Amino acid sequence: MNYEVKKLEKSAVEVKLHLTAEEVKPIVDKVLAHVGEHAEIAGFRKGHAPKEALMANYKDHIESDVANDAINANFPEIVDKEKLEPVSYVRLKEINLKDDLDLTFDIDVYPQFELGNYKGLEAEKKSFEMTDDILNKELEIMVRNHAKLEEVEDAGYKAQLDDTVDLAFEGFMDGVPFPGGKAESHLLKLGSKSFIDNFEEQLVGYTKGQEGEITVKFPDEYHAPELAGKPAQFKVKINTIKKLKQPELNDEFAKELGYASLDELKAKTKEEIIKRENDRIENEYVSALLDKLMETTVIDVPVSMVQAEIQNRLKELEYQLSMQGFKMDDYLKMMGGNVDTFAAQLAPAAEKKVKIDLILDRIAKNNNFEASDEELNQRMEEVAKMYGMDVPALEEELKKNKNLENFKASLKYDIVMKKAIDEVVKNSKYGELNPPSEVLDEFKENINVDPDKLFDENK
C-alpha cells in the first residue's frame, strides 16, 4: 500500500491510496464472487458468469464495493500512522480500477489548533438593583394573570371594547344561511379581531339580551372560496356581557396562591426576581465571555461537525413543534422557507457553538477535568427528581431502550464542560460568579428533556 495525505480547508484531508495488482486482487475476487452469486446475466447461469461479463454489467457497483473494502482494510493504518482523528464518513472522489487500484477520497478530521490565552478575558458585567417599582410591576402582572371573567349584573350596561360577550349569531348571504355561520353561544372579546371585518366594533353599545343585525364583508383571501370577498349579514343576540375582573392584592389573594400572607407573597416574589435577574446577568456575562473566548483561538471548523449541529437543532425544533401539534413542513411554510433555507440560517450559530465547544473541550483536557462518580450521581438524582422518580427507576427506564450508558456519557460531558466554562470565568476580570454559573443552554448539553423523548430509543 502506498498513500499520500494532503491537508484541505475546513479541517479536512485528502487521501490518495494506491494498491498494487497483487494487493487489490483478493478484494476484487471477493467482490466478484459476491456479485456473481446474485447477478442475473443473459446466457449464463446464476453464479457462473465470467469476470468480463460481470464487469460489463455491474462495473459501477463492483468498483464501488472494491473501493469501500479497500478503504476499510487500509484506512485504519493510515489513521494510526498519520495520527488522524476522523469526525465524518469518507467521501469517495475518484476510483481508477484496472489491474491495480487508485483511490482519492477525503474526510473531515478533528481540528488541530493552538489554544489561545483565555485568562484575563473582559466583558461587560451589569448589576441589578431591586426596587419597589420592580416588585410592584411583578405583582401587577401576577394579579392580571389571575383575573376572571364575571358577568355584568347591570341590565343597562353597554358593551365596550375589551369586554367579552356571550353571543348568539347566524350568518346569511343574499338572505340564505351559509354553513358554519351559526352559534347559540360563543364567547367573543370585543376588539380582539377574532371575527371578520368590523364585526366586533358593531357590537359596541349593545346591552344584555339586545338583538340586531350586522353587515360585514368577507376578506378576498378567505379560506372558503364561496364566501371570499362577498358581503354577509349576521343576526346577533347578546346573551350576556362579561368583564375581566382582577382580584385584589391582599392576604386572601396570597393564600389562593399558596402563601401564608401578602407579606410572604411579596417577600418570596422579591427573592425570585432577584435570583432571576442575577441569573440573567450572569448568563449574559458568561455568554459575552464565550464570545471573547472564541476570538482568542483560530480554528478551521469541519463542515461535518457544523452540519451535525444543524441537524441536532432541526430535530430538536421538530420535536418541540410536534409536542405543540405542529408539523415541521407546515411551520417552515408559514415562516416562508423550507428545510434548506432554514438550515442555512442556522449555520452561523451552529458553527459558533462548535467552535466554542472545541475550545472548551481543549481547556477541559488541559486541566484534566473529569466527572467524578459523586458528581455523576448528583446529576442523576437531579434528573430523576425532575420526573418524579428515584435513580434506580430512571436507570431501569433507560436500560429498556439501551440508553443508560449514552445518557451517563452526556451527563459526564455536561459536567466537564461546565468546569471548563467555570475555568474561563474564574480567570476572567471579575473572577468567579456569585452565585456560581449554571450550564448555558446555548453552548452546552443541558440535560432537560421530556420523559417520552428521554426514553425513546429513536431519539
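Throughout this description, residue numbers start from 1 for each chain and increase along the sequence as written. Per-residue local features are limited, in this predicted model, to residues with pLDDT of at least 70; the limit for side-chain atom pairs, both in listing and counting, is 80 or more; totals at the level of whole chains, interfaces and linings are taken over all residues. Water and hydrogen atoms play no part in the side-chain values, which are based on all heavy atoms of the structure.

- As annotated in an unreviewed UniProt entry, the protein carries the name Trigger factor and comes from Fusobacterium simiae.
- UniProt positions are given in the numbering used here, feature names are shortened, and annotations may be inferred rather than shown by experiment. Among the UniProt annotations of the protein, the heading Function (unreviewed entry) holds the following wording: "Involved in protein export. Acts as a chaperone by maintaining the newly synthesized protein in an open conformation. Functions as a peptidyl-prolyl cis-trans isomerase."
- As recorded by UniProt, the Catalytic activity (unreviewed entry) comment attached to the protein reads in full: "[protein]-peptidylproline (omega=180) = [protein]-peptidylproline (omega=0)".

**Considerations on the pairing of strand 6 (residues 164–173)**
Part 1 of the reasoning: Think of it in three bands: with a 1.4 Å probe and only protein chains considered, a residue is buried below 20% of the maximum accessible area for its type, exposed above 50%, and partly exposed in between. A run of H or I in DSSP becomes a helix once it reaches four residues, and a run of E becomes a strand once it reaches two; helices and strands are each numbered from the N terminus. Burial within strand 6 is extensive, with nine of its 10 residues counted as buried.
Part 2 of the reasoning: Pairing analysis gives eight bridges linking strand 6 to strand 7 (residues 176–189), with the strands arranged antiparallel. Within strand 7, the position partnered with Phe 169 by the bridge is Ala 183.
Part 3 of the reasoning: Pairing between strands requires that DSSP locate at least two bridges from one strand to the other. Between strand 6 and strand 7, which pair antiparallel one after the other, the connecting turn spans two residues, and Asp 174 there sits at a positive phi close to 55 degrees.
Part 4 of the reasoning: Where strand 6 lies against strand 9 (residues 231–245), nine bridges are found, and the strand directions are antiparallel. By the bridge assignment for strand 9, Glu 170 is matched with Lys 235.

**What to know about the UniProt feature "domain: PPIase FKBP-type" (unreviewed entry) in the protein**
Part 1 of the reasoning: Summarizing the sequence annotation, UniProt attributes the feature "domain: PPIase FKBP-type" (unreviewed entry) to residues 158–238 in the numbering used throughout.
Part 2 of the reasoning: For residues 158–238, the helix share is 0%, the strand share is 48%, and the end-to-end C-alpha distance is 11 Å.

**Details of helix 9 (residues 373–386)**
Note that an α-helix has 3.6 residues per turn; residues three or four places apart therefore point the same way.
Part 1 of the reasoning: Between its first and last C-alpha, helix 9 extends 20 Å over 14 residues, near the 20 Å set by a 1.5 Å rise per residue.
Part 2 of the reasoning: Among all positions of helix 9, only Leu 376, Arg 379, Met 380, Val 383 and Ala 384 are buried. Buried residues along helix 9 cover an arc of 135 degrees about the axis, so they all sit on one side. Summarising the geometry of helix 9, the exposed residues directed more than 90 degrees from the buried face are Glu 374 and Lys 385.
Part 3 of the reasoning: Those residues of helix 9 that are buried are in contact with helix 10 (391–400) and helix 11 (404–426).
Part 4 of the reasoning: Count one or two residues on from helix 9 and you reach Gly 388, which has phi positive near 65 degrees. Helix span, expected: 1.5 Å multiplied by one less than the number of residues in the helix. The directions from the helix axis to the C-beta atoms form the arc being described. A contact between two residues is defined here by any heavy atoms of the two lying within 4.5 Å.

**Here's the deal with unusual backbone geometry**
Part 1 of the reasoning: Although it is not a glycine, Asp 162 adopts a positive phi angle of roughly 85 degrees.
Part 2 of the reasoning: Examined against the element boundaries, Asp 162 turns out to sit in the loop between strand 5 (148–151) and strand 6.
Part 3 of the reasoning: In this structure Asp 162 comes out as exposed when scored by relative accessible area, which is 54%.
Part 4 of the reasoning: The backbone phi angle of Lys 193 is positive, close to 65 degrees, even though this residue is not glycine.
Part 5 of the reasoning: Assignment of secondary structure puts Lys 193 in the loop between strand 7 and strand 8 (211–217).

**Focus on a nonpolar patch on the surface**
Part 1 of the reasoning: Residues enter a patch when their relative accessible area is above 30% and they make no salt bridge; the linking distance is 9 Å between like charges and 5 Å between nonpolar side chains (Val, Leu, Ile, Met, Phe, Trp, Tyr). Accessibility throughout is a Shrake-Rupley quantity obtained with a 1.4 Å probe, and a residue counts as covered only by protein chains that appear here. By definition here, a salt bridge exists when the distance from a side-chain nitrogen of Lys or Arg to a carboxyl oxygen of Asp or Glu is within 4 Å. A cluster of nonpolar side chains, namely Leu 149, Leu 187 and Leu 244, defines an oily patch on the protein surface of about 280 Å² accessible area.
Part 2 of the reasoning: Locating Leu 244 in the fold gives a position in strand 9.
Part 3 of the reasoning: Accessibility expressed as a relative area gives 53% for Leu 244, which makes it exposed.

**Here we look at helix 11**
Part 1 of the reasoning: The terminal C-alpha atoms of helix 11 lie 33 Å apart, and with 23 residues this matches the ideal 33 Å at 1.5 Å per residue to within 8%.
Part 2 of the reasoning: Among all positions of helix 11, only Leu 404, Phe 407, Leu 411, Asp 414, Ile 415, Val 416, Met 417, Ala 420, Ile 421, Glu 423, Val 424 and Val 425 are buried.

**So, the side chain of Ser 304**
Part 1 of the reasoning: With respect to the secondary-structure elements, Ser 304 resides in helix 6 (residues 303–323).
Part 2 of the reasoning: At a separation of 2.7 Å, a polar atom in the side chain of Ser 304 contacts the side chain of Asp 108.
Part 3 of the reasoning: Excluding residues within four positions of it along the chain, Ser 304 makes contact with Val 87, Ser 88 and Asp 108. Any N or O atom pair separated by 3.5 Å or less is treated as a polar contact, with the protein-specific requirement of one donor-capable and one acceptor-capable atom, and with residues adjacent in sequence counted only for side-chain atom pairs.

**Some remarks on the sheet that holds strand 1 (residues 2–8)**
Through backbone hydrogen bonds, the strands of a sheet pair up, either in parallel or in antiparallel fashion.
Part 1 of the reasoning: One open sheet holds the four strands; their spatial order is 1-2-4-3, and the pairing between them is antiparallel. Strands at the two margins of the open sheet, each flanked by one partner only, are strand 1 and strand 3 (91–97). Going across the sheet, the axis of each strand differs from the next one's by a mean of 10 degrees, ignoring polarity.
Part 2 of the reasoning: In the sheet, strand 2 (residues 12–19) pairs with strand 4 (residues 101–108) via eight bridges, with the strands oriented antiparallel. Following the sheet pairing, Val 13 is matched in strand 4 by Ile 107. Every axis corresponds to a line fitted to the C-alpha atoms, with the helix fit spanning only the stretch in contact, and the corresponding angles, defined between N-to-C directions, vary from 0 to 180 degrees.

**Thoughts on the UniProt feature "domain: Trigger factor C-terminal" (unreviewed entry) in the protein**
Part 1 of the reasoning: Sites flagged by UniProt as "domain: Trigger factor C-terminal" (unreviewed entry) map to residues 261–425.
Part 2 of the reasoning: Between the C-alpha atoms that bound residues 261–425 there is a distance of 40 Å. The span itself is 82% helix and 0% strand.

**Thoughts on the packing of helix 9 against helix 10**
Part 1 of the reasoning: Packing of helix 9 against helix 10 brings their axes to within 9 Å, and their N-to-C directions diverge by 85 degrees. Judged by the angle between their axes, helix 9 and helix 10 are roughly perpendicular. Between helix 9, through Met 380, Glu 381, Val 383 and Ala 384, and helix 10, the contact on the second element is made entirely by Val 391, Leu 394 and Glu 395.
Part 2 of the reasoning: Residues are sorted three ways: Asp, Glu, Lys and Arg are charged, Ala, Val, Leu, Ile, Met, Phe, Trp, Tyr, Cys and Pro are nonpolar, and all the rest, Gly among them, are polar. Taken together, the residues of the contact of helix 9 with helix 10 sort by class into five nonpolar, no polar and two charged. An angle below 35 degrees is treated as roughly parallel, one above 145 as roughly antiparallel, one from 65 to 115 as roughly perpendicular, and anything else as oblique.

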